[in-house]
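# Descriptive analysis of the structure
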Amino acid sequence: MKRLAVIASLVAAVIAAGWFALTAPPVEAWLFRTIAFRETARPQPVLAGNDELAVLFCGTGSPLPDKARGGPCTMIAAGDGLYLVDAGIDSARNLMLWRVPLEKVQGVLVTHFHSDHIGELGEIRLQTWVAGRNRPLAVYGPPGVDQVVGGFNQAYALDASYRTKHHGADMLPPDAVAMVPHAVQPGVILDDRGLKITAFKVRHEPANPAYGYRFDYKGRSIVVSGDTAPDDAVVRAATQADLLVHEGLSPEMVGVMGDALQAAGHPRQAKIFHDIPPYHTAPVDAAKEANRAHVRLLVFTHLIPMLPNGFAEDLFLRGVSDVRPSGVELAHDGLVIRLPAGSEQINAITLP
Ligand SMILES: [Zn+2]
Ligand SMILES: [Zn+2]
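Model, not experiment: these values are computed from the prediction. Here the residue index of a chain counts from 1 through its sequence in written order. To read the labels, note that chains go from A and ligands from 1, taken in the order they are written. pLDDT decides what is reported in this predicted model: residues at 70 or higher carry local features, side-chain atom pairs at 80 or more are listed and counted, and totals for whole chains, interfaces and linings draw on all residues regardless.

### Focus: the packing of helix 9 (residues 251–263) against helix 10 (residues 267–275)
Throughout, an axis means a line fitted to C-alpha atoms (over the contacting stretch in the case of helices), and angles, computed between N-to-C directions, take values from 0 to 180 degrees. Put simply, DSSP marks the helices as runs of H or I at least four residues long and the strands as runs of E at least two long, and each gets a number from the N terminus on. Taken N-terminus to C-terminus, the directions of helix 9 and helix 10 make an angle of 165°; their axes are 8 Å apart at the nearest point. Relative to helix 10, the element helix 9 is oriented roughly antiparallel. Between helix 9 and helix 10 the crossing geometry is left-handed. On the side of helix 9, the interface is formed by V254, M257, G258, L261 and Q262, while helix 10 contributes P267, Q269, A270, F273 and H274. Under the scheme applied here, ten amino acids are nonpolar (Ala, Val, Leu, Ile, Met, Phe, Trp, Tyr, Cys and Pro), four are charged (Asp, Glu, Lys and Arg), and all others, including Gly, are polar. The residue inventory of the contact of helix 9 with helix 10, partitioned by class, reads six nonpolar, four polar and no charged. Reported orientations rely on four angle classes, namely roughly parallel under 35 degrees, roughly antiparallel over 145, roughly perpendicular from 65 to 115, and oblique for the rest. For a crossing to be left-handed, the near helix must be turned anticlockwise from the far one by less than a right angle; the clockwise case is right-handed. In this description, any two residues whose backbone-derived C-beta atoms lie within 7 Å of each other are considered to be in contact.

### Overview of the sheet that holds strand 15 (residues 347–350)
Should DSSP find at least two bridges between two strands, the strands are regarded as paired. Read from one edge to the other, the open sheet built from eight strands follows the order 6-5-4-3-2-1-14-15, with strand pairing classed as mixed. Where the open sheet ends on each side, the last strands, each with one partner, are strand 6 (179–183) and strand 15. Each strand of the sheet is rotated relative to its neighbour by a mean of 20°, with strand direction disregarded. Bridge analysis of strand 3 (residues 81–85) against strand 4 (residues 105–109) gives four bridges, and the strand direction is parallel. Looking at the pairing, V85 lines up with L109 of strand 4.

### Overview of the domain arrangement of the protein
Parsing the protein into structural domains produces domain 1 (2–40) and domain 2 (52–106 + 185–350). The source of the domain bounds is an automatic or database domain assignment. For domain 1 versus domain 2, the separation of C-alpha centres amounts to 48 Å.

### With respect to the nonpolar core
A general trend in soluble globular proteins is that nonpolar side chains are found buried together. As used throughout, a nonpolar core is a set of buried Ala, Val, Leu, Ile, Met, Phe, Trp, Tyr and Cys residues joined through C-beta atoms within 7 Å of each other. Exposure classes come from backbone-placed C-beta atoms, where a residue is buried if 20 or more other C-beta atoms lie within 10 Å of its own, exposed if 12 or fewer do, and partly exposed in between. Counting 82 residues, the largest nonpolar core has V55, I222 and L244 as its most contacted members. In terms of residue count, strand 1 (residues 52–59) provides more of this core than any other element does, six residues in total.

### Here's the deal with helix 9
A helix is expected to span 1.5 Å for every residue after the first. Its 13 residues place the ends of helix 9 18 Å apart at the C-alpha level, agreeing with the 18 Å of an ideal helix rising 1.5 Å per residue. Immediately downstream of helix 9, the backbone of G265 shows phi near 85°, a positive value.

### Examining the pairing of strand 1
Side chains on a regular strand alternate between the two faces of the sheet. The buried fraction of strand 1 amounts to eight of the eight residues, a majority that puts the element mostly inside the structure. With five bridges connecting them, strand 1 and strand 14 (residues 335–340) associate as antiparallel partners. Bridge assignment links L53 to a residue of strand 14, and that residue is L339. With six bridges joining them, strand 1 and strand 2 (residues 73–78) adopt antiparallel strand pairing.

### Thoughts on the sheet that holds strand 11 (residues 243–249)
Taken together, the seven strands give an open sheet; going across it, the order is 7-8-9-10-11-12-13, and neighbouring strands pair in mixed fashion. Of all strands in the sheet, those with a lone pairing partner are strand 7 (187–192) and strand 13 (328–330), marking the two edges. Neighbour to neighbour, the strand axes of the sheet diverge by 20° on average, direction disregarded. With five bridges connecting them, strand 7 and strand 8 (residues 195–202) associate as antiparallel partners. Looking across to strand 8, one finds that G187 is bridged to A199.

### Some words on unusual backbone geometry
Here the residue pair N208 and P209 is connected by a cis peptide bond, since its omega of -5° sits within 30 degrees of zero. Of note, the amide linkage connecting I304 to P305 takes the cis form, showing an omega dihedral of 0°. The residue P305 is located in the loop between strand 12 (297–304) and helix 12 (310–316) in this model. Despite not being glycine, R193 shows a phi value in the positive range, around 45°. Inspection of the secondary structure puts R193 in the loop between strand 7 and strand 8. Despite not being glycine, Q240 shows a phi value in the positive range, around 65°. Tracing the backbone through its elements, the reader meets Q240 in the loop between helix 8 (232–237) and strand 11.

Dropping the structure here:
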């Protein structure tokens, strides 16, 4: 017994000494320094400068709060440039956490002006400038984009002035910070160095007009539906595309949530859930459209409702495999899909 007691007290002493060593200020400082240097040296994801068209899902959620998914944001990389389709809440934070080179953002394309699609425009304006963007940021969108962009420019003007005073105009030039609105009509809105971007009108009344965007680069193509009810315009725009990035709402799941809210005594929220399905697209209908358009891969984003686990994902996709047995994915924040030029490849990775 005595020997056991000695061993126990020796073990306790070793643990205490180890704990003391790890929590002693010099060791904590050394640990922090080691981790800070290692994390800061972590390479940025190479999303531009490749001979490819690629998409990074920077927010795959909707207005419904979801810790796992940011608000709507889809980044397209083509050649040297990065383009953002929408800038929902948390999209700037996601992009910064992944160390995306934000100074390479050439433009933002807003699909429509529901708040979930524009909530972080101010932060995108700021963070691309802080990252080194040295000319104004073009923001394309339907008529009305002047009002939205003008408001963000005004709201963030004081912030920008403080930062220029603090860090100097050489680093943060005041003439580069602004966003410049470009109200565009359906059709080709940009044709530059092999990248063609085409806007098309979709059905999302009363948010009208609302757009989707098609990107063509060196024979590869990605179409982003924006928010829309089922619409032949999406089929036409997505014809023969490599990727159709489509919004999706499960009427069955949203219906259950509405019933649950009503039963719990929240009629206001229940009415909202009752109102939203008609101006979105059920996954089965999106799959039918993808088939008609002969799209190679259909990727769902702007997922309604939130899908916290595999069971919910399966329910969301119920019936889709009957219509379209393969070529369907659910996007998640951090998913990158690359389409190398001059190939048929579709390669997916997830940013850490
Ligand atoms: Zn919307
Ligand atoms: Zn939306």
